[in-house]
Amino acid sequence: WQNMTNGMTLKAGEGYILHYTKLDSEGGSSSKDIFTFKAVNNSNKNNIFAYKDVTKPLVTYASDLAHNRSWNLVGNPYPCYYDTRCIEHNGVITVWNGRGYTAYSLLDDKYVLQPNEAFFVQCPVGASSMKFKVDGRQHEYEASSDASYSNAYRQNSANPRYVYNLSLAGTDYTDKARVVINETAKLNYEISCDASKFMSSNTTVPQLYVMENGQKLAIDERPLSNGTIALGTYFGKTGNYTIALMDNPDYTKNVMLTDLQTNTTVDLTKEAYQFSAVQGSDEERFVLNITDDPTGVGAIINNNSEKATNCYNLSGQQISAPHKGINIVNGKKTLVR
């Protein structure tokens, strides 16, 4: 990050974070404030009336880790609402929702940018820009439901993709995460379809993410593999919470959520899971199994009465005996009570 100082110029199309605190005459927070930015008196002033496609250059930044590489903060180039499905870019975007961050796929989601709104985006390898098609401009803050419109500027994948949207709800905030099953995707991070989890600076709100190779992901597009997916959670307050599937009209498999703390397994395609949690992070409590097996496990055993050989934990480490929770025993997922 680079802090702006007096004499520096804000560039159109770049993204900036504006943070301020102001109290009104009665000592409370002001409900409305107006900021005025004076334009430099040159030909660039006319860019606010842009009526053609806008190509925004993206900068690459080196990193050994793909999920940290080449992040840009890009601003809406038009002085109006803009449907992000009209952006030509092979990747996802992450926006600030007021209390946390939400990742949106340019392929799967209908998200509309507000005037002057900015978003985070990665520059894929081999790319140098993203294009805002002029047809995305609109007067309303509501996305069109026209199916043909949603794919006007991209080619649909010929490979089946199964989208599972998950939510973690507290008393006053709901966070989201997504798993996409695509047999042509990789387990390793891919800029074109995965999204790092941006943790909120507001430590009172709950957070939900997918754990993949030690990385926190808001969107994880991956092959089914063994169907076992670790979920990470953060709870801003001690209290009651709910994990659920949302916006998923069709299910081809069972989506089993196991709470290793309470030894409870539920099928999220049939019901949400309600539970209590203490404040703090917990990246070992919840496991998701996407499977044809309605139980999500190959067997259920009592650890005190049965013995098993060839035991592994969900990290693939061999263990001498099955532990409480889900294990891989003799090649099958096993829930130990």
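Scroll up to find the structure.
**Quick look at the sheet that holds strand S5 (residues 92-96)**
Next up, step 1: Strand order in this open sheet of 4 strands is S2-S8-S5-S6, and the pairing throughout is antiparallel. For this open sheet the edge positions go to strand S2 (71-75) and strand S6 (101-105), each flanked by a neighbour on one side alone. With strand direction ignored, the average angle separating the axes of adjacent strands in the sheet is 30 degrees.
Next up, step 2: Alignment of S5 against S6, held across 5 bridges, turns out to be antiparallel. The residue of S6 that forms the bridge with Ile-93 is Tyr-104.

**Side note on the side chain of Lys-197**
Next up, step 1: With respect to the element layout, Lys-197 can be found in the loop between strand S13 (195-196) and strand S14 (207-212).
Next up, step 2: A distance of 2.6 Å separates the side chain of Lys-197 from the side chain of Asp-175, its partner in a polar contact.
Next up, step 3: Beyond its immediate chain neighbours, meaning those up to four positions away, Lys-197 contacts Tyr-101, Asp-175, Lys-176, Gln-207, Leu-208, Tyr-209, Lys-216, Leu-217 and Ala-218.

**Re the sheet that holds strand S7 (residues 112-113)**
Next up, step 1: The sheet built from 3 strands is open, its strands ordered S7-S3-S10 with antiparallel pairing. Strands at the two margins of the open sheet, each flanked by one partner only, are S7 and strand S10 (137-138).
Next up, step 2: As defined by bridge partners, strand S3 (residues 81-83) adjoins S10 across 2 bridges and the pair is classed as antiparallel. The residue bridging Tyr-82 from the neighbouring strand is Arg-137, located in S10.

**A word on the side chain of Thr-228**
Next up, step 1: Structurally, Thr-228 is set in strand S16 (residues 228-235).
Next up, step 2: Separated by 2.9 Å, the side chains of Thr-228 and Asn-289 make a polar contact.

**Comments concerning a nonpolar patch on the surface**
Next up, step 1: Together, Met-4, Met-8, Leu-10, Tyr-16, Leu-18, Tyr-20, Phe-35 and Phe-37 make up a nonpolar patch on the protein surface, roughly 780 Å² of accessible area in all.
Next up, step 2: Mapped onto the elements of the fold, Phe-35 is located in the segment before strand S1 (54-57).

**A closer look at the nonpolar core**
Next up, step 1: Core analysis: the largest hydrophobic core is formed by 33 residues, its most contacted members being Leu-166, Val-179, Leu-257, Leu-268, Phe-275, Phe-286 and Leu-288.
Next up, step 2: Those residues in contact with Val-179 that lie beyond four places of it in its chain are Tyr-162, Val-163, Tyr-164, Leu-166, Val-210, Asp-220, Ile-229, Leu-288 and Ile-290.
Next up, step 3: Grouped together as the second largest cluster of nonpolar side chains are 19 residues, Tyr-78, Cys-80, Ile-93 and Val-95 included.

**Description of the pairing of strand S19 (residues 264-267)**
Next up, step 1: As paired elements, strand S18 (residues 254-259) and S19 share 4 bridges and run antiparallel to each other. Note on S19: the bridge partner recorded for Asp-259 is Thr-264.
Next up, step 2: Between S18 and the antiparallel strand that follows it, S19, lie 4 residues; Asn-263 among them carries a positive phi value of about 55 degrees.

**Brief notes about the packing of aromatic side chains**
Next up, step 1: Evaluated as defined, the whole model comprises 16 aromatic pairs.
Next up, step 2: With a centroid separation of 5.9 Å and an interplanar angle of 75 degrees, the aromatic rings of Phe-235 and Phe-275 are classed as edge-to-face. Here Phe-235 is found in strand S16, whereas its partner Phe-275 is found in strand S20 (residues 273-277), with 40 residues between them in sequence. In terms of burial, Phe-235 and Phe-275 fall into one category: buried.

Conventions adopted
Residues numbered from 1 in each chain as written. Predicted model: local features only at pLDDT ≥ 70, side-chain atom pairs only at ≥ 80, totals over all residues. Heavy atoms only, no water. Pairing = 2+ DSSP bridges. Helix = DSSP H or I, 4+ residues; strand = E, 2+ residues; numbered from the N terminus. Axes fitted to C-alpha atoms, helices over the stretch in contact; angles between N-to-C directions. Polar contact = N/O pair within 3.5 Å; in protein donor to acceptor, adjacent residues only side chain to side chain. Contact = heavy atoms within 4.5 Å. Patch = residues over 30% accessible without salt bridge, like charges linked within 9 Å, V, L, I, M, F, W, Y side chains within 5 Å. Areas by Shrake-Rupley, 256 points an atom, 1.4 Å probe, with all protein chains shown as cover. Salt bridge = Lys/Arg side-chain N within 4 Å of Asp/Glu carboxyl O. Core = buried A, V, L, I, M, F, W, Y, C linked by side-chain atoms within 4.5 Å. Buried < 20%, exposed > 50% of the residue type's maximum accessible area, 1.4 Å probe, protein only. Phe/Tyr/Trp six-rings, centres within 6.5 Å; stacked < 30°, edge-to-face > 60°.

Shape is all these values report; function is a separate question.
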